[in-house]
Amino acid sequence: MNYFSSEFKLGILGGGQLGKMLLTETRKFDIQTYVLDPSAEAPCKIGSNVFIQGSLMDFDTVYNFGKQVDVLTFEIELVNIQALEKLEAEGVKVYPSPQTLKQIQNKGAQKDFYSAHNIPTAHYKRFESTTELKAAAVTGEFTFPFIWKSTEGGYDGNGVKVIRSIESFDGLADVQCIAEEMIAFKNELAVIVARNPEGEIKTYPVVEMEFHPEANQVEYVICPARIDDAVAEKARAIALKVSEAFNHVGLLAVEMFQTQDDEILVNEVAPRPHNSGHYSIEASYTSQFEQHLRAILNLPLGNTDSKVAGIMVNLVGAEGYSGNVMYENIEKILGKDGVTPHIYGKKETRPFRKMGHVTIVNSDIAEARRIAEEVKNTIRVISPPTPKGGA
């Protein structure tokens, strides 16, 4: 099939920042794109050929959207699977497949999948409600602390909480959830695996992730991870095992823990471009977004090696600010060598909302990390003060 400068249509479910960065690659290759998103102000709106506003969870909306395109992919997992299954049965290519998404969308089902396929992961137990889990904790079934995870709907640190006492349950949603052993780890790692329909498969280098202690969001992604080669090889091998088990097409980001004994435990996966791969836009021979396109269109996969060390800094809304966004001191970071900001196009900021990221590239990983710290401490995502007499 001719994808380039042709009548071929690629559909993308979700119009957020991941879709926006994917559209950079479709525009490079002159591939027609249709995007569906519930927000009239979605970042993808300005970059797609056709933008449709509508619910990603509504069967008819997703089904009717999918009938307009030749290949359908997504940048967010919270989509109507039944519509995808019907589209696939009627000949629309859906990548990753609805079956893969079904195994991943629910975190409890995802953990069961790891257990069934002998993939190392933290010990866990599923509960139909937070109330049921709390009752089990009261009886001493679990040793504090442990991790509470909502099985559905969590993102960017939402839907996850450390339970240190019975009081920790206060304010939690009463939803289906899992209780998971709290792992004493050295590092949180991630590996992105790319696979096309013919079965060609490649992995990106292992990256190291540093998290914000309060928001439970990634602050820094460091590539290459500052770990022993033997640990890196083990992490890539386990990521490949996970990929083969899911039999996915496209990208699969595999998040992992490196324990104190250098064991690798799979935390969770995302079947799409991922925050842990943003560094690749500047630092890799093939960015994760171009690679996702290559994979779902069954084109040869690109070189996943890094050209240079890369560190990504997430730009999130500063605490205490909500409203029209303003990027304070952005001109100061633009004056630094090897620093590239990406602004996602969200007009409204709020505390810890992902608003952009900055990539720092340098031949010296230690120097890149130092500059990343400077960038993090310089730029702020805020909102202008309300004028006196304003609402």
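Below, the structure is looked at part by part. This structure is a prediction, so every number in the text was calculated from the model and none was measured.

Moving on, we come to the overall build of the protein. Helix and strand content of the protein: 11 helices and 22 strands. Counting all 391 residues of the protein, 53% fall into the buried class. Long-range contacts, defined as pairs at least 24 residues apart, comprise 63% of the intrachain contacts of the protein with a sequence gap of at least 6. Total accessible area computed for the protein in this model is approximately 16900 Å², and 49% of it derives from carbon and sulfur atoms. Across the protein, the centroid of the 39 positively charged side chains sits 3 Å from that of the 52 negatively charged ones.

By the definition in use, this model includes 11 aromatic pairs. Pairing Phe 4 with Phe 29 gives two aromatic rings, centres 5.8 Å apart and planes at 65 degrees, and the pair type is edge-to-face. With Phe 4 in the segment before strand E1 (9-13) and Phe 29 in helix H1 (residues 17-29), this pair connects stretches of sequence that are 25 residues apart. Residue Phe 4 is classed as partly exposed on the basis of its relative accessible area of 32%. Geometrically, the ring pair formed by Phe 185 and Phe 257 is stacked, given 5.0 Å between the ring centres and 20 degrees between the ring planes. With Phe 185 in strand E10 (residues 185-195) and Phe 257 in strand E14 (residues 250-259), this pair connects stretches of sequence that are 72 residues apart. With relative accessibility at 33%, the residue Phe 185 sits in the partly exposed group. Judged by relative accessible area, which is 10%, Phe 257 ranks as buried.

The strand order E3-E2-E1-E4-E5 describes an open sheet built from 5 strands, whose pairing is parallel. For this open sheet the edge positions go to strand E3 (50-53) and strand E5 (93-94), each flanked by a neighbour on one side alone. Inspection of the sheet shows strand E4 (residues 71-74) paired to E5 by 2 bridges, in the parallel sense. The residue of E5 that forms the bridge with Val 71 is Lys 93.

Our focus in this paragraph is the pattern of salt bridges. Inspection of the entire model under this criterion finds 23 salt bridges. A salt bridge links Lys 102 to Glu 85; the nearest nitrogen and oxygen atoms lie 2.7 Å apart. With a gap of 17 residues between them, Lys 102 in helix H4 (residues 98-105) and Glu 85 in helix H3 (residues 81-89) connect regions that are remote in the sequence. Classification of Lys 102 by relative accessible area gives partly exposed; the value is 39%. According to the relative accessible area criterion, Glu 85 is partly exposed, its value standing at 29%.

This paragraph deals with the nonpolar core. Among the nonpolar cores identified, the biggest contains 23 residues, and Val 206, Val 242, Phe 246, Val 254, Met 256, Val 266 and Val 269 are the most heavily contacted of them. Going through the elements one at a time, helix H5 (107-116), E10, helix H7 (229-246), E14 and strand E15 (264-270) are the ones with two or more residues in this core. With 7 residues, the top contributor of residues to this core is H7. Beyond its immediate chain neighbours, meaning those up to four positions away, Val 206 contacts Leu 189, Ala 190, Val 191, Ile 222, Cys 223, Pro 224, Ala 225, Ile 227, Ala 232, Ala 235 and Arg 236. Counting 19 residues, the second largest nonpolar core, distinct from the first, contains Ile 31, Val 35, Tyr 95 and Leu 297.

The amide bond that connects Phe 144 to the next residue, Pro 145, takes the cis arrangement and shows omega of -5 degrees. Here Pro 145 lies in the loop between helix H6 (130-138) and strand E7 (146-150). Between Cys 223 and Pro 224 the backbone carries a cis peptide bond, its omega angle lying at 5 degrees. The residue Pro 224 is located in the loop between strand E13 (218-223) and H7 in this model. We note that Asp 30 has phi near 55 degrees; this positive angle belongs to a residue other than glycine. Within the element layout of this structure, Asp 30 appears in the loop between H1 and strand E2 (32-37). The class for Asp 30 is partly exposed, based on a relative accessible area of 44%.

What counts as what
- Residues numbered from 1 in each chain as written.
- Predicted model: local features only at pLDDT ≥ 70, side-chain atom pairs only at ≥ 80, totals over all residues.
- Heavy atoms only, no water.
- Helix = DSSP H or I, 4+ residues; strand = E, 2+ residues; numbered from the N terminus.
- Buried < 20%, exposed > 50% of the residue type's maximum accessible area, 1.4 Å probe, protein only.
- Contact = heavy atoms within 4.5 Å.
- Areas by Shrake-Rupley, 256 points an atom, 1.4 Å probe, with all protein chains shown as cover.
- Lys, Arg positive; Asp, Glu negative; His and termini not counted.
- Charge placed at Lys NZ, Arg CZ, Asp CG, Glu CD.
- Phe/Tyr/Trp six-rings, centres within 6.5 Å; stacked < 30°, edge-to-face > 60°.
- Pairing = 2+ DSSP bridges.
- Salt bridge = Lys/Arg side-chain N within 4 Å of Asp/Glu carboxyl O.
- Core = buried A, V, L, I, M, F, W, Y, C linked by side-chain atoms within 4.5 Å.

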